[in-house]
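Here are the chains, one letter per residue:
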Amino acid sequence: MTVSEVAAVAEVAPSAEVVSQEQVVKLLERLEQETNNNEMLQETVADLQRALYEPGWIRLTAQGEHEFSPEAMTQMRAICRLFALKSPLIRRGLNLRSSYVWGQGVEITARANGRKDREQDVQAVVKAFLDDPGNQRTLTGAQARDALETFGLGCDGEVFLALFTRPKTGHVQARVLPADEIAEVICDPEDAATPWFYLRQWTHVGRDGRGNPVRESRKQLYPAVDYRPTTRPGMYAGVKVDWAVPVLHVPVNQPLGWLRGIPDSYAAIDWAKAYKEFLEDWARLMRSLSRYAWKASAPGGRNAAVRTRLAAPPARDPTTGEPMHAGATAILPPDVQLEAVSKSGATLDADSGRPLAAMVAAALDVPVTMLLGDPGVTGARATAETLDKPTETAMGQRRDLWSQVLHRILRYVITESVRAPEGPLKGSISVDPYTGRDVLALDGDTDATIDIEWPRLDSIDPQAVVTAVVEASGTGTIPPEVVARLLLTALGVRNVDQLVEAMVGPDGEFLWPQPLGSPAADRQRAGGDPADTGPGPMTPDDDDPSGGDEPDPGDGPATEQLALPIPAPPKRARRRRG
């Protein structure tokens, strides 16, 4: 029944029924309004659905449905490298990220150092790999770590580490393969998340007998570091496979389902370019405003003469003879007026482009105050520290990524030391029936665990840390070498692992360094036994009326003194910068 029908019924109905009919009319009117609203909402949803299929959105989604082509990835990496070299914002942001991650160094230590009974020296194998000159240049050195973070992950979005292995000795050298030379990532057909091979295509430049350059295009497959099948053919799909050079792929910003990484600086390129153009326009505006600083006017027809005079080359100051410049004296006729050009309507604020720089900072996960090196007009120290906390969290995640990379490489180094016939470590290697990966077991119940410790990103009071360590050591549950490591780390000492290693005796016992100036410290420096810390020989003391024996004051302290560990310089440990 429509509203008109209800009204007609209400006219002929008794008065007692009119009230109820009026209520029905109101309900029908409300129902009609709700029906109209539903139709309007349906039309709105339909409009939104049609908008999703507009050409612009279709073009954008089509680009994101599939991974970038190798040619597009090569162009993207080239642009990011160029901006990292040319743009101050991109360069500053990537340097900040690298400083957060690697600026304080990292301590890498193997738990097994060969001092226990039947224990093998895993630390020696790890140290040999880290201190190798070739590995220092490409992976473990300070300059190499900065380049891998800044240009590897920041500009390329991924790093390919090739582990060249000598099958006879198990010696491993790490080298970086250029990301532009990796043409394809071949994965397990049943599992796209499990890479098998990396196809490398490059141009080899050699020399002929006369020394002339000879260019040759080459193609080769490298296995993934986690892929070691039972049968390893020399050719795969018609391409040679080098099984002695496994590759570890380290991608970042990798969308789900994609095989390649995206550079850290890719999202910041457009905004860095916009900020550069803004500053160029601002500099052009300032230059145009400084072109004419004064306005001269004369009555009648003398304006033409004044214009001719201003267009002429700069005159010389009559008092000094120098060309007229800013601040020079103007000698004008009485009827010529000279006044400054008004700049009240011009915008001279260069901070108006700060939101553009903030977009660059957001893309690189760094605070804009640190990106620009200026807290701004309203900035303060508390604001900078508040903005720094999310950055520390983001950089902590990047540290975890590098920890996984170092763990995987060192585990491979230890495994190859066991696999090689002349390797320094002994043990057994079995294959997991479910994952197909190698399972390592070292002889002598040797622990193959590697500890990677990063310094704290946030600043804390060293005195509070030392107090906490001393109170914890009083419980007797923490080994002394751990206490020494924590104390040295809290005090900011570098090369903690080498210093702690020098405090361990030949039998594996921990020897606390003696206070400087004590006889035990002198004996330790002289190569004697520092454990002999008893008092000197008892001699009759003429000053004692009882005639008893007292320790000679020159023979050392009679009671044990508690002092902070001050280690002597290690004799056989080489310095390695963290």
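Residues numbered from 1 in each chain as written. Predicted model: local features only at pLDDT ≥ 70, side-chain atom pairs only at ≥ 80, totals over all residues. Heavy atoms only, no water.

**Student:** I would appreciate a short explanation of the overall build of the protein chain in the present structure.
**Tutor:** Along the backbone of the protein chain there are 17 helices and 16 strands. Counting across all 578 residues of the protein chain, residues that qualify as buried make up 32%. If you take every contact in the protein chain between residues at least 6 apart in sequence, the share linking residues at least 24 apart comes to 59%. Carbon and sulfur atoms form 55% of the exposed surface of the protein chain, whose accessible area is close to 36100 Å². (Helix = DSSP H or I, 4+ residues; strand = E, 2+ residues; numbered from the N terminus. Buried < 20%, exposed > 50% of the residue type's maximum accessible area, 1.4 Å probe, protein only. Contact = heavy atoms within 4.5 Å. Areas by Shrake-Rupley, 256 points an atom, 1.4 Å probe, with all protein chains shown as cover.)

**Student:** Would you mind showing me how to read the packing of helix 6 (residues 122–131) against helix 7 (residues 133–140) here?
**Tutor:** To describe two helices that pack against each other, one gives the angle between their axes and the distance between the axes. Packing of helix 6 against helix 7 leaves a shortest axis separation of 6 Å and a crossing angle of 75°. As the angle between them shows, helix 6 and helix 7 are arranged roughly perpendicular. Mapping the contact onto sequence places Phe129, Leu130 and Asp131 in helix 6 and Pro133, Asn135, Gln136, Leu139 and Thr140 in helix 7. (Axes fitted to C-alpha atoms, helices over the stretch in contact; angles between N-to-C directions. Parallel < 35°, antiparallel > 145°, perpendicular 65-115°, else oblique.)

**Student:** What is the right way to look at the packing of helix 14 (residues 462–473) against helix 15 (residues 480–490) in this model?
**Tutor:** Helix 15 packs onto helix 14 with a crossing angle of 170° between their chain directions and a minimal axis gap of 9 Å. Judged on the interaxial angle alone, helix 15 and helix 14 are roughly antiparallel. For the pair helix 14 and helix 15, contact is made by Pro462, Val465, Val466, Val469 and Ser473 and by Val483, Leu486, Leu487 and Ala490, respectively. By residue class, the composition of the contact of helix 14 with helix 15 is eight nonpolar, one polar and no charged. (Nonpolar A, V, L, I, M, F, W, Y, C, P; charged D, E, K, R; others polar.)

**Student:** Can you walk me through the state of the cysteines in this structure?
**Tutor:** Disulfide: a covalent bond connecting the sulfur atoms of a pair of cysteines. Counted according to the given criterion, the structure contains zero disulfides. Residue cysteine 80 stays outside any disulfide, its sulfur separated by 6.2 Å from that of cysteine 155, the closest cysteine. Overall, cysteine 80 belongs to the buried group, its relative accessible area being 1%. (Disulfide = S-S within 2.5 Å.)

**Student:** Would you mind showing me how to read helix 9 (residues 269–289) here?
**Tutor:** In an α-helix, one turn spans 3.6 residues, which is why side chains three or four residues apart end up on the same side. Compared with an ideal rise of 1.5 Å per residue, which puts 21 residues at 30 Å, helix 9 spans 30 Å between its outermost C-alpha atoms and is within 8% of the ideal. Considered for burial, the residues of helix 9 that qualify are Ile269, Ala272, Tyr275 and Leu289. Buried residues along helix 9 sit against helix 4 (70–86), helix 5 (88–102), helix 11 (354–364) and helix 12 (368–372). (Expected span 1.5 Å × (residues − 1).)

**Student:** How should I be thinking about the pattern of salt bridges in this particular structure?
**Tutor:** Close approach of charged atoms allows side chains of opposite charge to pair. Scanning the model with the defined rule gives 20 salt bridges in all. In this structure, lysine 168 engages glutamate 422 in a salt bridge whose closest nitrogen and oxygen atoms are separated by 3.6 Å. Of this pair, lysine 168 sits in the loop between strand 2 (158–165) and strand 3 (172–177) while glutamate 422 sits in the loop between helix 13 (381–419) and strand 12 (427–431), and the two are 254 residues apart along the sequence. We classify lysine 168 as exposed; its relative accessible area is 53%. The shortest N-O distance in the salt bridge between arginine 419 and aspartate 438 comes to 2.7 Å. Pair noted here: arginine 419 is in helix 13 and aspartate 438 is in strand 13 (residues 438–442), with a separation of 19 residues, a long-range link. Under the relative-accessibility criterion, arginine 419 is labelled partly exposed at 29%. On the basis of relative accessibility, which here comes to 33%, the residue aspartate 438 falls in the partly exposed class. Sharing partners across several salt bridges, the network here consists of Arg77, Arg81, Asp156, Glu158, Asp180 and Arg260. (Salt bridge = Lys/Arg side-chain N within 4 Å of Asp/Glu carboxyl O.)

**Student:** What is the right way to look at the sheet that holds strand 2 in this model?
**Tutor:** Two modes of strand pairing occur in sheets, parallel and antiparallel, and in both the strands are linked by backbone hydrogen bonds. Ordered by their spatial adjacency, three strands build an open sheet running 3-2-9, and the pairing between neighbours is antiparallel. Both outer strands of the open sheet, strand 3 and strand 9 (247–251), are each paired with one neighbouring strand and no more. Across the sheet, the mean angle from the axis of one strand to that of its neighbour is 25°, orientation sign disregarded. Sheet strands touched by helix 8 (residues 142–156): strand 2, strand 3 and strand 9. Its angle to strand 2, the strand with the most contacts, is close to 125°. (Pairing = 2+ DSSP bridges.)

**Student:** Can you walk me through the packing of aromatic side chains in this structure?
**Tutor:** Any pair of aromatic rings gets described here by the distance separating the centres and the angle formed by the planes. Using the criterion set out here, one finds nine aromatic pairs in the structure. Relative to tyrosine 227, the ring of phenylalanine 197 has its centre 5.5 Å away and its plane inclined at 80°; by these criteria the two rings are edge-to-face. With phenylalanine 197 in strand 5 (residues 191–207) and tyrosine 227 in the loop between strand 6 (213–223) and strand 7 (235–236), the pair connects residues that are 30 residues apart, well separated along the chain. Between tyrosine 227 and tryptophan 243 the ring centres are 6.2 Å apart and the planes differ by 35°, which places this aromatic pair in the tilted class. With tyrosine 227 in the loop between strand 6 and strand 7 and tryptophan 243 in the loop between strand 8 (239–240) and strand 9, the pair connects residues that are 16 residues apart, well separated along the chain. (Phe/Tyr/Trp six-rings, centres within 6.5 Å; stacked < 30°, edge-to-face > 60°.)

**Student:** I would appreciate a short explanation of unusual backbone geometry in the present structure.
**Tutor:** Positive phi values are uncommon outside glycine, yet asparagine 253 reaches one of about 55°. A positive phi angle, near 55°, is found at aspartate 445, a position not held by glycine. Position of aspartate 445 among the secondary structure elements: in the loop between strand 13 and strand 14 (450–453).

Just geometry here; none of it tells us what the structure is for.
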